[in-house]
Amino acid sequence: MRKLLILSFISVLLLSACTNTNSDDSEVIAETKFGIVTKEEMYNIMKEHYGEKILSDVLYGKILSQDYSVTEQELQKAFDDLKVQLGLSYQLVLKQMGLQNDEQIKEMLRIQLLQQKAILENIEVQEEEIRAYYDNLVPEVKLSQIVVKDEETAKDMKQKLGEGAHFEQLAKEYSTDSESASEGGNIGWHALELGTELEKKLSSLDIEEVSSPIKEGNEHFIIKITDRQAMKSFEEMRDEIEEELKLSKVKSEDIVAVLQEKIDNADIKIKDNDYKDVFSDLDDTIIK
């Protein structure tokens, strides 16, 4: 997904650059002792390499906006979710793509949300499906772990913790899982599906409570729950669950069929022969 999003970032950036050109295509935008770069030259390079992607995004925005709209709240949520997804790499992505501000990313997300609304419009989900999904939700917990190879070491870790040792320090020093050890044992958020003996034992722990040594496979674990999600009400989660269930029912052929109908009904006339095949491979024009 990140690869597709990054490709979309490029198209939004280039769209911004192209639409900011004025009628004087010979205007110089850069000078070197070896020559100049004009707006016309820059536009032609962008057109050759990214033109179809830019044009398809612009057309989708215009066509789908006739029947659907994206609220500021929906756009902000999509933006916030993307920032969480990219994590610490968010600013790096901006720099690598040469993006100047968040608005360029939000424009890509707006088109993506318009596409999603069109695709999900005729997907049906029964109320009992939504309720069943909610009833089976398991609140996530944030976990930290110390992993060791033998029971004796695990018991020693438990004793040290009982004597006041810091969990994070012991994880860094003794845990055999190098990735979580470097984070003081933190392994992030997980849903306890109660499918293993380890998960069953963890389900009864309070926040900041440390488990007794738990054997799982050939390893021994000491787990601490550092946070627990509060369960939202059905009313608060209903729409989100409905959307997720609809998305789970979408097939690739459905996506192409819906968007192809929108394109056909728009009576698009491409005036530039270089772009006459812009929608010939529809799947390549969909922001996923």
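Now for a description of the structure that goes with this document. (Residues numbered from 1 in each chain as written. Predicted model: local features only at pLDDT ≥ 70, side-chain atom pairs only at ≥ 80, totals over all residues. Heavy atoms only, no water.)

**Side note on the sheet that holds strand β3 (residues 140–148)**
Quick reminder of the rule: Here the rule is simple: two strands pair whenever DSSP picks up at least two bridges between them. A helix here means a DSSP run of H or I that spans at least four residues, while a strand means a run of E at least two residues long, and both kinds are numbered starting from the N terminus. All axes are obtained by fitting lines to C-alpha atoms, using only the stretch in contact for helices, and the reported angles, taken between N-to-C directions, cover 0 to 180 degrees. Should any heavy atoms of two residues lie within 4.5 Å, those residues are considered in contact.
Strand order in the open sheet formed by four strands is β4-β3-β6-β5, and the pairing between neighbours is antiparallel. In this open sheet, the two edge strands, each paired with only one partner strand, are β4 (186–191) and β5 (214–216). Averaged over neighbouring strand pairs, the angle between their axes works out to 45° when direction is ignored. Pairing of β3 with β4, which is carried by five bridges, proceeds in the antiparallel orientation. Counted as the bridge partner of V141 is H190 from β4. Lying on the sheet, helix α7 (residues 151–162) is in contact with β3 and β6 (219–228); it crosses β6 at an angle near 35°. Packing against the sheet, helix α8 (residues 167–174) makes contact with β3 and β6, and its axis sits at approximately 45° to β3.

**Some points on a nonpolar patch on the surface**
Put simply, the rule reads: Patches were defined on residues exceeding 30% relative accessible area and lacking a salt bridge, with like-charge contacts within 9 Å and nonpolar side-chain contacts (Val, Leu, Ile, Met, Phe, Trp, Tyr) within 5 Å. Accessible areas in this description were obtained via Shrake-Rupley with a 1.4 Å probe; residue shielding takes into account the shown protein chains only. The term salt bridge refers to a side-chain nitrogen of Lys or Arg lying within 4 Å of a carboxyl oxygen of Asp or Glu.
Taken together, the side chains of I29, V37 and M42 make up a nonpolar region of the molecular surface, amounting to roughly 210 Å² of accessible area. Following the sequence through the fold, I29 ends up in strand β1 (residues 28–32).

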